[in-house]
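Structure assessment
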Amino acid sequence: MSDNKVQIFDTTLRDGEQVPGCKLNTEQKLVIAEQLDNLGVDIIEAGFPVSSPGDFKSVEEISKLVKNATVCGLTRSVENDIKVAAEALKYAKTPRIHTGIGTSESHIKFKFKSNQDDIIERAVKAVSYAKSFVEDVEFYAEDAGRTDNAYLARVCEAVIKAGATVLNIPDTTGYCLPSEYGAKIKYLKENVKGIDKAILSCHCHNDLGLATANSIEGVINGARQIECTINGIGERAGNTALEEVVMILRQHPHLNLDTNINSEMLYGLSQLVSDSMGIYTQPNKAIVGANAFAHSSGIHQDGVIKNRETYEIIDPKDVGVTESAIVLTARSGRAALAYRAKNVGYELTKLQLDEIYASFLEFADKKKEIDDNDIHKIIESSRLYKEITSA
């Protein structure tokens, strides 16, 4: 793999589906999986096979369907989990088993009632067993964000020796600051023997709103895989948003990092996932929100009408949005009104615009948003209507 290529590991169908009320059936998962494959994601985490017969079936059917991406199944560091995952993945062209265990002091003490050496032993055993089924084994050190770096390095070194090809360093609770998470990745790159044999992966949660920032800091410091979901859906406050990291890397070419993602599919896939899961995407969501390319402030509208780049750093078409939206509200200026009026057939002179604008503001103060029908009403009720339409 090229050193400047960041692999996109999509977990919409596994971590994303853990959102309460967002359960998908197998048919829905297959539709989304096919689109993720077309999008260009490198790995599709299709589910947690041992968790239910339905999830096993979904992973098995996705394995048959996917043509390009690696298909991955999640497990705990439990032999039966791993065996069942291997069975579900048997039809995949390129299968991956994703196994692991908690490594933070909190997890070791309270969740496992164990000790550091025992956790390493269990991690090595799980990876070795997974390796007996598939070549590609990813290990997750759950709660790595709160794990002591020196101990985390010991864990990573041990599982690499056992055959792990990818090391997932999750900020499971979304606790880390970007500087802390980046430093953790850098520490592992510099202190784990055999690190050149494995890919470091970022799996960041959004509890403090830092998932995307942490993932970007991770790849800047040497990670080469980002685990993410469409629309940033996932446990609690969600995961790193796929569309955000893809476009950040694309908009900052000086980082010399990019992905294989066909970005023009992002908006459509966002809508598909939102509709399938019945989960509302906030209007101001970066990249794919309804307002991501909408302008209602008069100052912004004037700039965008003159040159889109004054207030937009991304061409909407690059993410599958047809065009920017000029939204008319009481905060809009003359330039926006003239632009929208022209779109519905009225070429206004400066003097005509001044008079129509006064009527527009009165109308806009009574209504949140002015649509095309409202523009017609405003102009038709003006004393200048005949003059405007006869021009």
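Small disclaimer: the values here were computed from a predicted structure and weren't measured.

Thresholds, definitions, all that
- Residues numbered from 1 in each chain as written.
- Predicted model: local features only at pLDDT ≥ 70, side-chain atom pairs only at ≥ 80, totals over all residues.
- Heavy atoms only, no water.
- UniProt positions renumbered as here; feature names shortened; annotations may be inferred.
- Helix = DSSP H or I, 4+ residues; strand = E, 2+ residues; numbered from the N terminus.
- Contact = heavy atoms within 4.5 Å.
- Disulfide = S-S within 2.5 Å.
- Buried < 20%, exposed > 50% of the residue type's maximum accessible area, 1.4 Å probe, protein only.
- Pairing = 2+ DSSP bridges.
- Right-handed = clockwise from strand over helix to strand, strands pointing away.
- Core = buried A, V, L, I, M, F, W, Y, C linked by side-chain atoms within 4.5 Å.
- Axes fitted to C-alpha atoms, helices over the stretch in contact; angles between N-to-C directions.
- Salt bridge = Lys/Arg side-chain N within 4 Å of Asp/Glu carboxyl O.

Attention now goes to the UniProt feature "domain: Pyruvate carboxyltransferase" (unreviewed entry) in the chain. Listed under "domain: Pyruvate carboxyltransferase" (unreviewed entry) in the UniProt record, and renumbered for this structure, are residues 6–267. Along residues 6–267 one finds 42% helix and 17% strand; the C-alpha atoms at either end are 21 Å apart.

Position of threonine 329 relative to the elements: it lies in the loop between strand 10 (325–326) and helix 12 (334–343). With residues up to four places along the chain from it excluded, the contact list for threonine 329 reads Ser296, Phe360, Ala364 and Lys368.

So, on to the state of the cysteines. Among covalent bonds in proteins, the disulfide is the one between the sulfur atoms of two cysteines. For the structure on display, the rule yields 0 disulfides. Of all cysteine sulfurs in the structure, the one in cysteine 202 sits closest to cysteine 156, which takes part in no disulfide; the separation is 12 Å. Residue cysteine 156 is classed as buried on the basis of its relative accessible area of 1%. This cysteine, cysteine 228, is not joined by any disulfide, and cysteine 202 carries the nearest cysteine sulfur, 10 Å off.

Turning our attention to the pairing of strand 8 (residues 225–228). The two faces of strand 8 match: Gln225 and Glu227 on one face and Ile226 and Cys228 on the other face are all buried. Note that strand 1 (residues 7–10) and strand 8 share 4 bridges and pair parallel. Bridge pairing in strand 8 places isoleucine 8 opposite isoleucine 226. Pairing of strand 7 (residues 199–204) with strand 8 involves 3 bridges; the strand directions are parallel. Looking across to strand 8, one finds that serine 201 is bridged to glutamine 225. Read from strand 7 through helix 8 (residues 211–220) to strand 8, the crossover connection turns out right-handed.

What follows is about unusual backbone geometry. Look at asparagine 231: it is not a glycine, yet its phi comes out positive at around 65°. Mapped onto the secondary structure, asparagine 231 falls in the loop between strand 8 and helix 9 (242–251). Look at arginine 236: it is not a glycine, yet its phi comes out positive at around 50°. Checked against the element boundaries, arginine 236 lands in the loop between strand 8 and helix 9.

In this section: the nonpolar core. Soluble globular proteins tend to pack their nonpolar side chains together in the buried interior. Counting residues in hydrophobic clusters, the biggest one holds 85 residues, and the most contacted among them are Leu39, Leu167 and Ile169. Here this core takes 8 residues from helix 6 (residues 149–161), the largest share from any one element. Once residues lying within four places of it in the same chain are set aside, the contact partners of leucine 167 are Phe139, Cys156, Val159, Ile160, Ile195, Ala198, Ile199, Leu200 and Ser201. In terms of nonpolar packing, the next biggest core, distinct from the first, is built from 20 residues, Ile326, Tyr346, Ala364 and Leu384 among them.

As summarised here, the arrangement of the 8 strands in space is 1-2-3-4-5-6-7-8, forming a closed barrel in which the pairing is parallel. Between one strand axis and the next, the sheet turns by 25° as a mean value, whatever way the strands run. This element, helix 7 (residues 178–191), spans strand 6 (166–171) and strand 7 of the sheet and lies at about 160° to strand 7. The strands touched by helix 8 are strand 6, strand 7 and strand 8; relative to strand 7, the strand with the most contacts, the crossing angle is about 170°.

Next up on the list: the pattern of salt bridges. The tally for this structure, following the rule as stated, stands at 31 salt bridges. With a shortest N-O distance of 3.0 Å, aspartate 143 and arginine 146 are connected by a salt bridge. Residue arginine 146 is classed as partly exposed on the basis of its relative accessible area, which comes to 42%. The partner of lysine 350 in a salt bridge is aspartate 354, and the shortest N-O contact between them spans 3.6 Å. Remark: aspartate 354 and lysine 350 occur in helix 13 (residues 350–366); sequence separation between them is 4 residues, near one turn of the helix. Overall, the relative accessible area of 65% leaves lysine 350 in the exposed class.

Along the polypeptide, lysine 377 turns up in helix 14 (residues 372–380). Given a relative accessible area of 49%, lysine 377 falls into the partly exposed group. Separated by 295 residues in the primary sequence, lysine 377 and isoleucine 82 place their C-alpha atoms 66 Å from one another.

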